[in-house]
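# Structure assessment
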Amino acid sequence: MFHLNTFCRLYQQDTRLPVYLYENGIPLSAFPDQTPLTWPPETYTRRLMESDASVSFCATDYGVYFGSVARQNHHLILGPVSAIPHSDFDLHRLYADYSVPSERHGEFRAFVDS
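Attention in this report is confined to the structure presented alongside it.

### As for the sheet that holds strand β1 (residues 19–23)
Sheet architecture is open: 5 strands sit in the order β2-β1-β5-β4-β3, paired in antiparallel fashion. Because the sheet does not close on itself, it has two edges, and the strands there are β2 (26–31) and β3 (55–59). Neighbouring strand axes in the sheet, compared pairwise and without regard to direction, differ in orientation by 20 degrees on average.

Here is the structure:
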């Protein structure tokens, strides 16, 4: 039997891309395990989940991408992904997008850099 959580865990381990599982728009699981601090901002997850396509992506205006694979009432959200290292300016835009409090910038940066 196919287990979506097992697939997500193995996919994340193989690609090293963060994977998030949603059901009916509600976040269920994150791979690797993480705090809500690093879950994708609702701005992007909503855009991906509102798409009629089964596979979609969106990009921030600072070069970070998120992807989505939809099947029935589930969405796998992948990302953030960037083709280039984040500049300090990009990191500050990520902090704003993710609503990261200043005392948690180090924790968030460790996630982004991993």
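Once you've had a look at it, read on.
### Focus: the packing of helix α3 (residues 88–98) against helix α4 (residues 105–113)
It is the contact of α3 with α4, at a shortest axis distance of 11 Å, that shows an interaxial angle of 110 degrees. Compared by their axis directions, α3 and α4 come out roughly perpendicular. For the pair α3 and α4, contact is made by D88, L91, L94, Y95 and Y98 and by H105, F108, R109 and V112, respectively. When its residues are assigned to classes, the contact of α3 with α4 shows 6 nonpolar, 1 polar and 2 charged.

### Quick look at the side chain of Q12
Its place among the elements puts Q12 in helix α1 (residues 4–15). Non-local contacts of Q12, meaning those with residues more than four positions away in its chain, are made with L17, P18, V19, F31 and P32.

Cut-offs used in this document
Residues numbered from 1 in each chain as written. Predicted model: local features only at pLDDT ≥ 70, side-chain atom pairs only at ≥ 80, totals over all residues. Heavy atoms only, no water. Pairing = 2+ DSSP bridges. Helix = DSSP H or I, 4+ residues; strand = E, 2+ residues; numbered from the N terminus. Axes fitted to C-alpha atoms, helices over the stretch in contact; angles between N-to-C directions. Parallel < 35°, antiparallel > 145°, perpendicular 65-115°, else oblique. Contact = heavy atoms within 4.5 Å. Nonpolar A, V, L, I, M, F, W, Y, C, P; charged D, E, K, R; others polar.

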